[in-house]
Amino acid sequence: MCQHLNPCPSADAVDREAAKTVATCREQGWSLLCNGVIVFEDTGEILPDGTMIEPHRGPARHALAA
């Protein structure tokens, strides 16, 4: 459960990538978001339930924040 003052979007929300980054491994190209979603530099994602989201157009927001 997100503890941020303005709660992050849930993993099943359309804007799930807007959640705050809690861990990053730049060498491997992934970040863990507050909502449990793992996002990759190629914009692919793994949801907490194991569902894989194929890479989609445009740069990943977490990659731009760095």
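Residues numbered from 1 in each chain as written. Predicted model: local features only at pLDDT ≥ 70, side-chain atom pairs only at ≥ 80, totals over all residues. Heavy atoms only, no water.

Asker: Before we go on, may I ask you to explain the sheet that holds strand E1 (residues 21–25) in this structure?
Answerer: Whether parallel or antiparallel, the strands of a sheet pair through hydrogen bonds between backbone atoms. What the 5 strands build is an open sheet, ordered E1-E2-E3-E4-E5; its pairing is antiparallel. Looking at the sheet topology across the chains shown, the edges are occupied by E1 and strand E5 (52–53). For E1 and strand E2 (residues 30–33), the ladder comprises 4 bridges, and the chain directions are antiparallel. Residue pairing across strands places Ala-23 opposite Leu-32, the latter belonging to E2. (Pairing = 2+ DSSP bridges. Helix = DSSP H or I, 4+ residues; strand = E, 2+ residues; numbered from the N terminus.)

Asker: Just checking my understanding: could you explain the nonpolar core for this structure?
Answerer: General note: in soluble globular proteins, nonpolar side chains tend to be found buried as a group. One finds Cys-8, Ala-11, Ala-19, Leu-33, Val-37, Val-39 and Leu-47 forming the largest nonpolar core, which totals 7 residues. Excluding anything up to four places from it in sequence, Val-37 contacts Ala-11, Arg-16, Ser-31, Leu-32, Glu-45, Ile-46, Leu-47 and Pro-48. (Core = buried A, V, L, I, M, F, W, Y, C linked by side-chain atoms within 4.5 Å. Buried < 20%, exposed > 50% of the residue type's maximum accessible area, 1.4 Å probe, protein only. Contact = heavy atoms within 4.5 Å.)

Asker: Can you walk me through the environment of Ser-10 in this structure?
Answerer: Structurally, Ser-10 is set in the segment before E1. Exposure remark for Ser-10: the relative accessible area of 36% places this residue in the partly exposed category. A C-alpha to C-alpha distance of 8.5 Å links Ser-10 and Gly-36, two positions 26 residues apart in sequence. Every residue in contact with Ser-10, bar those within four places of it in the chain, is listed here: Arg-16 and Asn-35. Within the structure, Ser-10 has its side chain in polar contact with the side chain of Asp-12 (distance 2.4 Å). (Polar contact = N/O pair within 3.5 Å; in protein donor to acceptor, adjacent residues only side chain to side chain.)

In short, the description is geometric, and any link to function would need to be established separately.
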